[in-house]
Amino acid sequence: MRFRRLAINGKFLTAGPTGVHRVAEQLVRQLATRHDELTDLFEQPPRLVAPLNAHNRSLDVFDRECGGVFRGQLWEQIDLPRLTRSDLLLNLCNLGPMASSAAITMIHDAQAFITPESYSWAFANWYRNVLPMLGRRHARILAVSEFSANELARFGVARRDHISVVPNGVDHLLGYRSQPEILGRLTISPRKFVVGLANVQVHKNIGLLLKAFAALALADLKLVLVGAARREQFESLGHSVSPNVMFTGRISDGELRALLESALCVAFPSTTEGFGLPPLEGMLLGCPAIMAPCGALTEVGGEGALFAAPDDPGQWVRGIRRLVDDPDHWADYSRAGRNRARIFTWKRAGEKLVEVIREVCTGRPPKAE
């Protein structure tokens, strides 16, 4: 089937940055570098289609069409199908219009099914009802890992042979200038702190790290939690937060790079993940990663990461302590992590995405994963 053009769902341009939005931006940039390949498939050049309140002007790699009456979900479900009639619609942020069938939609994980308690009832219920509709109607579903693809199939979102895997890249972080001033602002010293996420979602399992850092064996280290959640939020959920735990709030990409370049390790105890970008970002910069062997984390970390049980704080204490006490062990995983993370490039992701777009345009079935 010959489509008029590739239309990219630009609703994410109306919101603040999230991990999912970062993936969308990086993939759009990759598509822009493959302009000639896309020209062969469509009658007109690709275009970002966004609501009138789209405010992110940093992504100007394609012409942008802003239109419609509504905002948010109503815009996506009502205006977007009308604006992209005769197009192949690419949705990169989990959702897309249920009325469309000529669409490719990236669903990053199955967390609404696996851990609905991590979300509000309304959010989880919306996803659990909408995603299977998209999986049935849309021309192809994209997942970011084999684990996510298999889970989406297990929960009936889409048939496994209808899902293509486009792994994330991680090399975007190399494009930001390191801002080591943050170490002085936080009064922390290189290799004397561990980076984690300030996130209270149940599946992120940060309570395990709080228990680990209450241990006397880690009293000489700090746990630096990056993100929006505050100490008070953890305490209101019944967690005990020891004095060696600090919260950065939201920080810039350059500040994050500086933290990861200087940290002893990054600790990521999630009980499920669709991909696991934060520990991989650390690994790319030579910062060893300790992860729980859950979800896609073993798939992503491979032999380049350390693993500890998601329900045993003692294993995390021992794993972190060995990185302090055994410099050769630290160096081995610094090197192994860097080598592993280099596999995950946005160029590779872009190549895979264009391959899927070509398959849909030409009516070819997905390649066997």
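Each remark here, short or long, concerns the structure printed above.
Below: a short report on this structure. Starting from 1, residues in each chain are numbered consecutively following that chain's sequence as written. Local features in a predicted model are, by the rule used here, given only for residues with pLDDT of at least 70; side-chain atom pairs are given and counted only at 80 or more, and totals for whole chains, interfaces and linings are based on all residues. With hydrogens and water stripped out, all remaining heavy atoms of the structure feed into the side-chain values.

### Regarding the overall build of the chain
Move 1: Only DSSP runs of H or I reaching four residues or more are called helices, and only runs of E reaching two or more are called strands; each is numbered from the N terminus. Along its length, the chain carries 15 helices and 13 strands.
Move 2: Rg of the C-alpha trace for the chain: 21 Å, near the compact-globule value of 21 Å for 369 residues, within the 12% margin.
Move 3: By its C-alpha atoms, the chain is 65 × 40 × 40 Å across when sized along the principal axes.
Move 4: Expressed as a percentage of its 369 residues, the buried residues of the chain come to 54%.
Move 5: In the structure as shown, the chain presents an accessible area of about 15,500 Å², 52% of it carried by carbon and sulfur atoms. Atoms counted for the radius of gyration: C-alpha only. Globule rule: 2.2 Å times residue count to the power 0.38. The classification of residues rests on relative accessible area computed with a 1.4 Å probe and restricted to protein chains. Under 20% of the type maximum is buried, over 50% is exposed, and intermediate values are partly exposed. Each accessible area value is a Shrake-Rupley result obtained with a 1.4 Å probe; residue values ignore everything except the protein chains displayed when judging cover.

### Points about helix H10 (residues 253-262)
Move 1: With respect to burial, H10 is a largely interior element, 8 of its 10 residues being buried.
Move 2: The contact definition used throughout considers only heavy atoms, calling two residues in contact when any of these lie within 4.5 Å. Buried residues in H10 make contact with helix H7 (181-186), strand S8 (193-197), strand S9 (222-226), strand S11 (265-268) and helix H11 (277-284).

### Quick notes on the pattern of salt bridges
Move 1: Definition used for salt bridges: Asp or Glu carboxyl oxygen within 4 Å of a side-chain nitrogen of Lys or Arg. One pass over the full model with this rule turns up 22 salt bridges.
Move 2: Between Glu261 and Arg257 there is a salt bridge whose closest N-O contact spans 2.8 Å. Of the two residues, Glu261 and Arg257 both sit in helix H10, 4 residues apart, roughly one turn of that helix.
Move 3: The buried category is assigned to Arg257, whose relative accessible area is 17%.
Move 4: Of the charged contacts, one joins Glu351 and Lys347 as a salt bridge, the two residues approaching to 2.7 Å between their closest N and O atoms. With Glu351 and Lys347 both in helix H15 (residues 346-362) and 4 residues apart, this pair spans about one turn of that helix.

### Structural notes on the sheet that holds strand S1 (residues 6-9)
Move 1: Here 7 strands make up an open sheet; going across it, the order is S3-S2-S1-S4-S5-S6-S7 and the pairing parallel. Since the sheet does not close on itself, it has two edges, and those belong to strand S3 (63-66) and strand S7 (163-165), each with one partner. This sheet shows a mean twist of 25° between the axes of neighbouring strands, independent of strand direction.
Move 2: Strand pairing is assigned whenever DSSP identifies at least 2 bridges connecting the two strands. By the bridge criterion, 3 bridges tie strand S5 (residues 103-106) to strand S6 (residues 140-143) in an arrangement that is parallel. Bridge pairing in S6 links Ile104 to Arg140.
Move 3: Its contacts with the sheet put helix H1 (residues 19-32) on S1, strand S4 (88-91) and S5, and the angle it makes with S1 is roughly 160°. Only the stretch in contact is used when a helix axis is fitted, and all axes are lines through C-alpha atoms; the angle between N-to-C directions ranges over 0 to 180 degrees.

### With respect to the sheet that holds strand S12 (residues 289-291)
Backbone hydrogen bonds are what pair the strands of a sheet, in a parallel or an antiparallel way.
Move 1: Ordered in space as S10-S9-S8-S11-S12-S13, the 6 strands form an open sheet in which the pairing is parallel. Pairing within the sheet leaves two strands with one partner each, and these edge strands are strand S10 (245-249) and strand S13 (306-307).
Move 2: Summarising the sheet, S9 and S10 pair through 4 bridges and their orientation is parallel. In the strand pairing of S10, Leu225 is matched with Phe247.
Move 3: Along the sheet, H10 contacts S8, S9 and S11; its crossing angle with S8, the most-contacted strand, is approximately 135°.

### Notes on unusual backbone geometry
Move 1: Within the chain, Arg191 stands out as a residue other than glycine whose phi angle is a positive 65°.
Move 2: Structurally, Arg191 can be placed in the loop between H7 and S8.
Move 3: A positive phi is found at Asn205, a non-glycine position, where the angle reads about 60°.
Move 4: Tracing the backbone through its elements, the reader meets Asn205 in the loop between S8 and helix H8 (206-212).
Move 5: Take Asn205: its relative accessible area is 16%, and that puts it in the buried class.

### Notes on the environment of Arg191
Move 1: The exposure class of Arg191 is partly exposed, given its relative accessible area of 42%.
Move 2: With 127 residues separating them in the primary sequence, Arg191 and Arg64 have C-alpha atoms 45 Å apart.
Move 3: With residues near it in sequence (within four places) discarded, Arg191 still touches Leu221, Ser262, Ala263, Leu264 and Trp330.

None of the figures reported here should be taken as evidence of function without further support.
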